[in-house]
Amino acid sequence: MALSMKIQASSLIAGQRRVRPMTGRRAVVIKAALELKAPPYALDALEPHMSKQTLEFHWGKHHRAYVDNMNKQIAGTPLDGKSLEEVVLASWNGGSPTPVFNNAAQVWNHTFFWESMKPNGGGAPTGKLAEAIVRDFGSFEKFKEEFKSAGLTQFGSGWAWLNADKSGQLSLSKTPNAVTPVVEGKTPILTVDVWEHAYYIDVQNRRPDYLTTFIEKLINWDVVAERYAAAQK
Amino acid sequence: MAFELPALPYDYGTLEPHVDSQTMLIHHTKHHQAYVNNLNAALDKFPELKDLGLVEINKVVGTDKLPGDVATTIRNNGGGHYNHTFFWKVMTNPSNTNGPSGAVKEAIEAAFGSVDEMKAKFNAAAAGRFGSGWAWLGVKEDGSLAITSTPNQDNPLMASLPDSTPMVPILGLDVWEHAYYLKYQNRRPEYIAAWWNVVNWEQVASNFDAAKTGAVLL
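Residues numbered from 1 in each chain as written. Chains lettered and ligands numbered in written order. Predicted model: local features only at pLDDT ≥ 70, side-chain atom pairs only at ≥ 80, totals over all residues. Heavy atoms only, no water.

Undergrad: Just to check I follow, could you spell out the overall build of chain A for this structure?
TA: If you tally the helices and strands in chain A, you get eight helices and five strands. Across chain A, helices and strands are ordered from the amino to the carboxyl terminus as β-β-α-α-α-α-α-β-β-β-α-α-α. Here chain A holds 233 residues, and 49% of them are scored as buried. Intrachain contacts of chain A at a sequence separation of at least 6 include 65% that bridge at least 24 residues. Carbon and sulfur atoms make up 54% of the accessible area of chain A, which totals about 10600 Å². (Helix = DSSP H or I, 4+ residues; strand = E, 2+ residues; numbered from the N terminus. Buried < 20%, exposed > 50% of the residue type's maximum accessible area, 1.4 Å probe, protein only. Contact = heavy atoms within 4.5 Å. Areas by Shrake-Rupley, 256 points an atom, 1.4 Å probe, with all protein chains shown as cover.)

If you want it as structure tokens, here you go:
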């Protein structure tokens, strides 16, 4: 019986492909490693707000290393072949994370971050999301202040997040290092990386300037709105 | 009596090429200065804490000596001010560095087998600290040398923190990305390796002699 290969395109976030030969005679499963997904724009496309050099290091070295190291860690283990989300949740291990978690969560977080931005981004959201922001924060200006404050007050490395629950209620959170709201049962719809590697080439110590630029010039509100709608399904 | 940013014991370019001058300038005048400013602001309402001095302030982190609303700010900025003040001093002109000798060398060999084995353990602690933090060589309460790493601006003086290895630091390395990103970017192991070229072993020896009597030099 001829071997036929079924390629399963898994979640968009992971960019994962699992290549599994389907045969009745012998179930041989070849597991391909999880892949480094490219940002949905060229590495220089966010200039002048985020430099090409930053993207080359941040995506090309940091994000790539998380993927490579995670793959090395899970090869030949029960996590091998699982989706990225499954690896993140399993390695979180109920709050006592295994060594896999830092890498897996950072793979997830960074893809989510690239997709939260776009060339000529920023501006303001519209529609249901805009209404929810006014309802839950008082105004769009207030939301921007509080999001920036979350990013500024995350001491050391970490992330700031805008989350939505099933009822459409919005909330802000901040997490250290690799921690992600996904493991806290929340549904993030926007993130900003506040590890120093995210901004040091461009603005050095000036994290406030980085956050202002992110908010005013980089946020992809279309994607955030899509995620917001999906959170309520 | 407010805390002040101490002067660097050398020029911004002295540690080149191992630690670049732009990093030293920003690290000292921006990052360390901010810790000093924030610490002073937090202690403004608590003059009795200010009078404890920087070392003692660090030692009481994690105890009820620090009022709840400023405890975290003091941990982060009191830690940051001590750590960086300590750090500038354990570095020196690369032409001045010869490696440890005398009592501290013997102690290193006793604890780790050799200086190289100590460096390997220290490098692992520095490279393995995920996120921001520091690697330390210090004297434990029993007088022996040990290596540990701490997150963010914590340090081994903060004996009351859970998971702490209480020590008097004699050597420390900043592995926050701001300490190396302009020159090394993601290549932290390269930074760590280069940094050994600027270690001030005389200061390490002084720190060690003081630590053996239970004192913390600053």
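Undergrad: Can you walk me through the sheet that holds strand β5 (residues 187-193) of chain A in this structure?
TA: Note on sheets: strands pair through backbone hydrogen bonds, and any given pair is parallel or antiparallel. Residue and element names in this part refer to chain A. Taken together, three strands build an open sheet; the order of strands is β4-β3-β5 and the sheet is antiparallel. Looking at strand neighbours, the two that pair on one side only are β4 (170-176) and β5, the edges of this open sheet. When the angles between neighbouring strand axes are averaged without regard to direction, this sheet yields 25 degrees. Bridge count for strand β3 (residues 158-164) against β4 is seven bridges, and the pairing is antiparallel. Considered in β4, the bridge of Gly158 is made with Pro176. (Pairing = 2+ DSSP bridges. Axes fitted to C-alpha atoms, helices over the stretch in contact; angles between N-to-C directions.)

Undergrad: Just to check I follow, could you spell out the UniProt feature "domain: Manganese/iron superoxide dismutase C-terminal" (unreviewed entry) in chain A for this structure?
TA: Summarizing the sequence annotation, UniProt attributes the feature "domain: Manganese/iron superoxide dismutase C-terminal" (unreviewed entry) to residues 125-227 of chain A in the numbering used throughout. Across residues 125-227 of chain A, the secondary structure splits into 47% helix and 20% strand, with the terminal C-alpha atoms separated by 13 Å. (UniProt positions renumbered as here; feature names shortened; annotations may be inferred.)

Undergrad: When you look at the sheet that holds strand β3 (residues 167-174) of chain B in this model, what are you seeing that I'm missing?
TA: Residues and elements named next belong to chain B. Taken together, the three strands give an open sheet; going across it, the order is β2-β1-β3, and neighbouring strands pair in antiparallel fashion. For this open sheet the edge positions go to β2 (145-151) and β3, each flanked by a neighbour on one side alone. Mean inter-strand twist for the sheet, computed between neighbouring axes without regard to direction, equals 30 degrees. The pairing of strand β1 (residues 133-140) with β2 spans seven bridges and is antiparallel. The residue of β2 that forms the bridge with Gly133 is Pro151. Where helix α5 (residues 102-112) meets the sheet, it contacts β1, β2 and β3, and its direction lies at approximately 80 degrees from that of β2.

Undergrad: Looking at this structure, I do not really get the packing of α5 of chain B against helix α6 (residues 115-128) of chain B. What am I missing?
TA: Two numbers describe a pair of packed helices, the interaxial angle and the distance between the axes. Residue and element names in this part refer to chain B. With their axes 8 Å apart at the nearest point, α5 and α6 run at an angle of 70 degrees to one another. In terms of axis orientation, α5 runs roughly perpendicular to α6. The two elements α5 and α6 meet at a crossing, and its hand is left-handed. Contacts between α5 and α6 involve Lys105, Ile108, Glu109 and Phe112 on the former and, on the latter, Val115, Glu117, Met118 and Lys121. (Parallel < 35°, antiparallel > 145°, perpendicular 65-115°, else oblique. Left-handed = near helix turned anticlockwise from the far one by under 90°.)

Undergrad: Help me understand the packing of aromatic side chains in this model?
TA: Centre distance and the angle of the planes are the two values used to describe a pair of aromatic rings. All names here are of chain A. In this structure the tally under the stated criterion is 28 aromatic pairs over all chains. For the ring pair Phe113 and Trp114, a centre distance of 5.3 Å and an interplane angle of 40 degrees mean the geometry is tilted. Neither residue differs from the other here; Phe113 and Trp114 are each classed as buried. Here Phe143 and Phe147 contribute two aromatic rings whose centre-to-centre distance is 5.7 Å and whose plane-to-plane angle is 25 degrees, an arrangement assigned as stacked. Of this pair, Phe143 and Phe147 both sit in helix α5 (residues 140-153), four residues apart, which is roughly one turn of that helix. Given a relative accessible area of 1%, Phe143 falls into the buried group. Through a chain of ring-to-ring contacts, three or more aromatic side chains come together here, namely Trp108, Phe112, Phe113, Trp114, Phe137, Phe140, Phe143, Phe147, Trp159, Trp161, Phe214 and Trp221. (Phe/Tyr/Trp six-rings, centres within 6.5 Å; stacked < 30°, edge-to-face > 60°.)

Undergrad: Help me understand helix α9 (residues 201-212) of chain B in this model?
TA: For the α-helix, the turn length of 3.6 residues means that residues three or four positions removed from each other point alike. Residue and element names in this part refer to chain B. For α9, with twelve residues, the first-to-last C-alpha span of 16 Å sits near the 16 Å given by 1.5 Å per residue. For α9, the set of buried residues is Trp201, Gln203, Val204, Asn207, Phe208, Ala210 and Ala211. Backbone geometry just after α9 places Gly214 at a positive phi near 90 degrees. (Expected span 1.5 Å × (residues − 1).)

Undergrad: Hey, could you run me through helix α8 (residues 221-231) of chain A in this one?
TA: Residue and element names in this part refer to chain A. Those residues of α8 that sit buried are Trp221, Val223, Val224, Arg227, Tyr228 and Ala231. Looking straight down α8, one finds that the buried residues subtend no more than 155 degrees of arc, so they occupy a single side. Turning to α8, the residues buried within the fold contact α3 (99-114), α4 (127-137), α5, β3, β4 and β5. The N-cap of α8, judged by a side-chain oxygen 3.1 Å from the amide nitrogen of Asp222 a few residues on, is Asn220. (Arc of directions from axis to C-beta. Polar contact = N/O pair within 3.5 Å; in protein donor to acceptor, adjacent residues only side chain to side chain.)

Undergrad: Explanation requested: the pairing of β1 of chain B in the structure shown.
TA: Along a regular strand, successive side chains alternate from one face of the sheet to the other. All names here are of chain B. Most of β1 sits inside the fold, with seven of its eight residues counted as buried. Hairpin remark: β1 followed by β2, antiparallel, with four residues in the connecting loop; positive phi at Gly143, about 90 degrees. Judged from the seven bridges that link them, β1 and β3 form a sheet pairing that is antiparallel. Looking across to β3, one finds that Ala135 is bridged to Leu173.

Undergrad: So what exactly am I meant to see when it comes to the interface of chain A and chain B here?
TA: Frequently, the measure chosen for interface size is the accessible area that the parts lose on association. Listed per partner, the contact involves 18 residues of chain A and 18 residues of chain B. A buried area of about 1800 Å², summed over both sides, lies between chain A and chain B, and 64% of it is on carbon and sulfur atoms. By the criterion of area lost to chain B, the three top residues of chain A are Phe155, Glu196 and Tyr200 of chain A, representing 39% of everything that side buries. Between chain A and chain B we count zero salt bridges in total. Viewed at the interface, chain B and chain A are joined by six residue pairs in polar contact (both at pLDDT 80 or more). Element by element, the count of residues in the side of chain A that touches chain B is highest for helix α1 (residues 52-74) of chain A, at four residues. Here the residues of the side of chain A that touches chain B sort into seven nonpolar, nine polar and two charged. (Buried area = accessible area lost by both parts, 1.4 Å probe. Salt bridge = Lys/Arg side-chain N within 4 Å of Asp/Glu carboxyl O. Nonpolar A, V, L, I, M, F, W, Y, C, P; charged D, E, K, R; others polar.)

Undergrad: Just checking my understanding: could you explain the confidence of the model for chain A for this structure?
TA: Low pLDDT marks stretches whose predicted atomic positions should not be read closely. On average, residues of chain A carry a pLDDT of 90, and 86% of them reach 70 or more. Under a pLDDT of 50 for its full length, residues 1-24 of chain A has, in the predicted model, 53 contacts with residues more than four places off or in other chains. (pLDDT = per-residue confidence, 0-100.)

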